[in-house]
Amino acid sequence: MEVISPDLKRAARAIENGDVLVCPTDTVYGLICDAENKKAVEKIYKIKQRPKNKLIPIFTSDIKMAKKLTKINSRQEKFLKQVWPGPVTAVFHYKKPGIRVPNHKFLLHLIKRVGPLAETSANISGQPPTTKIKEVLKYFKARKYQPDLVLDAGDLKPAKPSQVIDLTGPEPVILRK
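Calculation criteria
Residues numbered from 1 in each chain as written. Predicted model: local features only at pLDDT ≥ 70, side-chain atom pairs only at ≥ 80, totals over all residues. Heavy atoms only, no water. Helix = DSSP H or I, 4+ residues; strand = E, 2+ residues; numbered from the N terminus. Rg over C-alpha atoms; globule rule 2.2 N^0.38 Å. Contact = heavy atoms within 4.5 Å. Lys, Arg positive; Asp, Glu negative; His and termini not counted. Charge placed at Lys NZ, Arg CZ, Asp CG, Glu CD. 1 Å grid on protein atoms, 1.4 Å probe; cavity = no way out; pocket = protein on both sides within 12 Å on 5 of 7 lines; lining within 4 Å. Points joined across faces, edges and corners; volume = space filled by probe spheres on them. Nonpolar A, V, L, I, M, F, W, Y, C, P; charged D, E, K, R; others polar. Pairing = 2+ DSSP bridges. Salt bridge = Lys/Arg side-chain N within 4 Å of Asp/Glu carboxyl O.

1. Some remarks on the overall build of the chain
Helix and strand counts for the chain come out as six helices and 10 strands. By the compact-globule yardstick of 16 Å for 177 residues, the chain fits well, its C-alpha radius of gyration being 15 Å. Projected onto its principal axes, the C-alpha coordinates of the chain cover approximately 45 × 30 × 30 Å. Sequence-distant contacts in the chain: of pairs separated by 6 or more residues, those separated by 24 or more amount to 64%. Averaging the locations of the 34 positively and 17 negatively charged side chains of the chain gives two centres separated by 3 Å.

Quick look at the structure:
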């Protein structure tokens, strides 16, 4: 588990190599990898000790990229234009992962460079997500499965994980505040 300052070229190369990274986001520290690399996504499950029945959301850079992953109707798009980029993960179909456009320049540049990223908070399942880098490092330090690269941006502003909103029905429904 190598720890470096955020470096866009290095992060992009690591993602392209199938690595899992700890990365600052607009909410809490997250675990990220190439959303289309099944081995990398599997590694996130192992690192986080996440149950297989809990899907891992996806970061996209904008609504256009999100539309390549799922169908978004005009009503949903109108809603998303009001909340993205930002801390809102939208669910479009039952048993499909949520999608989010983060309000974080570094992440948006990274996503534009490498494509959609699987993402989840950088903690062990059942433990609280965190904005503090020392807590993130402590979570993974002595574990068998660890992130490959940690992008240390120091402590982030206090924040909570994203709100999760179900957009499958006629009205948005909050699944997680």
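Let us keep going from here.
2. Quick look at the layout of surface pockets
Using a probe with the size of a water molecule, rolled over the atoms, empty space left in the structure can be pinpointed. Taken as a whole, the largest pocket spans an internal volume of roughly 830 Å³. Lining the largest pocket we find 39 residues, and of these Arg50, Leu55, Pro57, Val164 and Arg176 sit closest to its centre. Among the residues making up the lining of the largest pocket, the classes are represented as 15 nonpolar, 15 polar and nine charged.

3. Remarks on the pairing of strand E9 (residues 163–166)
Note: strand E5 (residues 88–91) against E9, four bridges, orientation parallel. The residue bridging Ala90 from the neighbouring strand is Ile165, located in E9. Relative to strand E10 (residues 173–176), E9 runs antiparallel, the two sharing three bridges. The partner of Val164 across the bridge, within E10, is Arg176. Between E9 and E10, which pair antiparallel one after the other, the connecting turn spans six residues.

4. What about the pattern of salt bridges?
Oppositely charged side chains can pair when the atoms bearing their charge come close. In the structure shown here, the tally under the stated rule is six salt bridges. Residue Arg100 pairs with Asp26 through a salt bridge whose shortest N-O separation is 2.8 Å. Residue Arg100 is located in strand E6 (residues 99–100), and its partner Asp26 is located in the loop between strand E2 (21–23) and strand E3 (30–34); the two are separated by 74 residues in the primary sequence. A network of salt bridges, in which partner residues are shared, links Lys67, Glu77 and Lys81.

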